[in-house]
Number of protein chains: 2
Amino acid sequence: MSPEPSDRHSQDTKTALLDAAEKLFAHSGIAQSSLRSITTGAKANLASVNYHFGSKEGLVRAVFARRLHPLNQQRLDLLARCARDDREIPDLQCLLRAFVEPAVTMISSDDTGDREFAKLLGRMLFEPSNDLRALIMDEFREVSEQFTAELSRVFPAASQQEIVWRFHFMVGSLAHTVAGRYMISHRLECLQLTEDEDVETLINRLVGFLQTGWLGIEGEAMP
Amino acid sequence: MSPEPSDRHSQDTKTALLDAAEKLFAHSGIAQSSLRSITTGAKANLASVNYHFGSKEGLVRAVFARRLHPLNQQRLDLLARCARDDREIPDLQCLLRAFVEPAVTMISSDDTGDREFAKLLGRMLFEPSNDLRALIMDEFREVSEQFTAELSRVFPAASQQEIVWRFHFMVGSLAHTVAGRYMISHRLECLQLTEDEDVETLINRLVGFLQTGWLGIEGEAMP
DNA sequence: GTCTATAGGTGGATAGAC
DNA sequence: GTCTATCCACCTATAGAC
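Residues numbered from 1 in each chain as written. Chains lettered and ligands numbered in written order. Predicted model: local features only at pLDDT ≥ 70, side-chain atom pairs only at ≥ 80, totals over all residues. Heavy atoms only, no water.

Draft legend 1. Molecular detail of the domain arrangement of chain A. All names here are of chain A. Domain parsing of chain A yields domain 1 (1–54) and domain 2 (64–219). At the interface, 10 residues of domain 1 touch 11 residues of domain 2. Summing both partners gives a buried area of about 810 Å² for domain 1 against domain 2, and 56% of it is carried by carbon and sulfur. Per-residue buried area on domain 1 facing domain 2 is highest for Glu22, Ala26 and Ile30; these three make up 63% of the total on that side. Along the contact surface separating domain 1 from domain 2 lie 3 salt bridges. Among the salt bridges present, the one from Arg66 reaches Asp19, with a minimum N-O distance of 2.9 Å. (Domains from an automatic or database assignment. Contact = heavy atoms within 4.5 Å. Buried area = accessible area lost by both parts, 1.4 Å probe. Salt bridge = Lys/Arg side-chain N within 4 Å of Asp/Glu carboxyl O.)

Draft legend 2. Structural detail: the packing of helix H4 (residues 56–80) of chain B against helix H7 (residues 130–154) of chain B. All names here are of chain B. Contact pair H4 / H7: the axes reach a minimum separation of 9 Å and the direction vectors enclose 5°. As the angle between them shows, H4 and H7 are arranged roughly parallel. Residues Glu57, Val60, Arg61, Phe64, Ala65, Leu68, His69, Asn72, Arg75, Leu76 and Leu79 of H4 touch H7, and the partners they reach there are Asp131, Leu132, Leu135, Ile136, Glu139, Phe140, Glu142, Val143, Gln146, Phe147 and Glu150. Among the residues making up the contact of H4 with H7, the classes are represented as 12 nonpolar, 3 polar and 7 charged. (Axes fitted to C-alpha atoms, helices over the stretch in contact; angles between N-to-C directions. Helix = DSSP H or I, 4+ residues; strand = E, 2+ residues; numbered from the N terminus. Parallel < 35°, antiparallel > 145°, perpendicular 65-115°, else oblique. Nonpolar A, V, L, I, M, F, W, Y, C, P; charged D, E, K, R; others polar.)

Draft legend 3. Layout of the protein's contact with DNA strand C. Contacts to DNA strand C come from 17 residues, most closely from A:Leu35, A:Leu46, A:Lys56, B:Thr13 and B:His52. Atoms of DNA strand C within 4 Å of the protein: sugar and phosphate make up 62%, bases the balance. A:Lys56 is positioned with one of its backbone polar atoms (N or O) 3.0 Å from a phosphate oxygen of DNA strand C. In the environment of DNA strand C, a phosphate oxygen lies 3.3 Å from a nitrogen or oxygen atom belonging to the side chain of B:Asn45. Of all the secondary structure elements, the ones that give two or more residues to the surface near DNA strand C are helix H2 (35–41) of chain A together with helix H1 (10–28) and helix H3 (48–53) of chain B. Residues belonging to the surface near DNA strand C are distributed by class as follows: 6 nonpolar, 8 polar and 3 charged. (Near = heavy atom within 4 Å. Polar contact = N/O pair within 3.5 Å; in protein donor to acceptor, adjacent residues only side chain to side chain.)

Draft legend 4. Representation of helix H8 (residues 160–179) of chain A in the model. Under the 1.5 Å per step criterion, the end-to-end length of H8(A) is 28 Å for 20 residues, consistent within 8% with the ideal 28 Å. Extensive coverage of H8(A) is indicated by the burial of 18 of its 20 residues. (Expected span 1.5 Å × (residues − 1). Buried < 20%, exposed > 50% of the residue type's maximum accessible area, 1.4 Å probe, protein only.)

Quick look at the structure:
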């Protein structure tokens, strides 16, 4: 476990605060998580958040920035590997996997923090705070631009609007899959099914759904 | 406009409170909307919420119950019209439209309340409150069961898991489309595109995407 | 049913000792 | 850097006059 507060370094406290906040945000929401509950969870004192992050909002920003940057970088790395060079058009399935896999993998990661953050991934799309939204958009911009650009190359006949909207639909499916699991659990309960699936199966299901969804783009959307 | 508080009936105040709460919830989130701001917006006194709804949570429940019931009823009505009788298997496109259309239509409804509530539709899937989640699930259960049952008839070779997961993906796409519009707006801005589309086009785009997505279900998900 | 006043509690932030 | 004590703004809920 983490060292006792008395013999902890600055970095330890900062990380403990981030971890505790992340967990509470995932479980109860941001607004409902008080600095008191966060500092108690981190075994730090009440003033530590303001010392290390300036304010509660600063802490919120730090919580999201910490995980979003690696997540989106991973997506870009995987996308880059879908084509041997810049001239080659990437494979659709490889592209969709590059977008989806890093996020879905988080829900059963070895890292507790990743698992907690996964629950936040869906909710963050609907957060009302302008400040937080701006940060999320900043972190997401590069991914959004590179993936839509590559999708345009895969489907040269499709309009920009069509590409962007389908990308939007895809983001929604992914978010609900990663963070809205309680809903599917409910349904599976009703259907008397056990949830014995692994992440790989889930990724395959989602990529399969999205892939055929995208393949309908070239012809008329509605027959 | 609504009548002045002094010459208003009980029902008027109740409705004014629901409208004001709905608008504030959509704009700032539930936790961030205080009873003070709600009652001020409704031109009612601070105590009125507790008088009419018992508590803030009672008001929250009422806000969601008011719109969710008609929305889901509309979905069921449209689904019922997709097949001439119980023996006939419904048309896939008709079924998907029945699920999607009532929600998407809300975003440009003539009723201001519908438009405000549409912004809440996505966020509600990730609300941490157990009480609210239970209400949402209760209202959604019938829709969820009937649509997945019909989808099983459309795709008899598909497993229950596959049906329920794809239904889950679909809910995510719809939620993000209806409530997460700020994100697509951002992208459209970046692409220098104007958002001059009407709702009908949007519904067609979404149904087109979902329809081809579902059509991939019979064969192997991954080739 | 409406409204004012207020109780009773919790929130984020900070001053200042160590 | 850490921690305690405290400020004060704001919250929900309620009591009681009208």
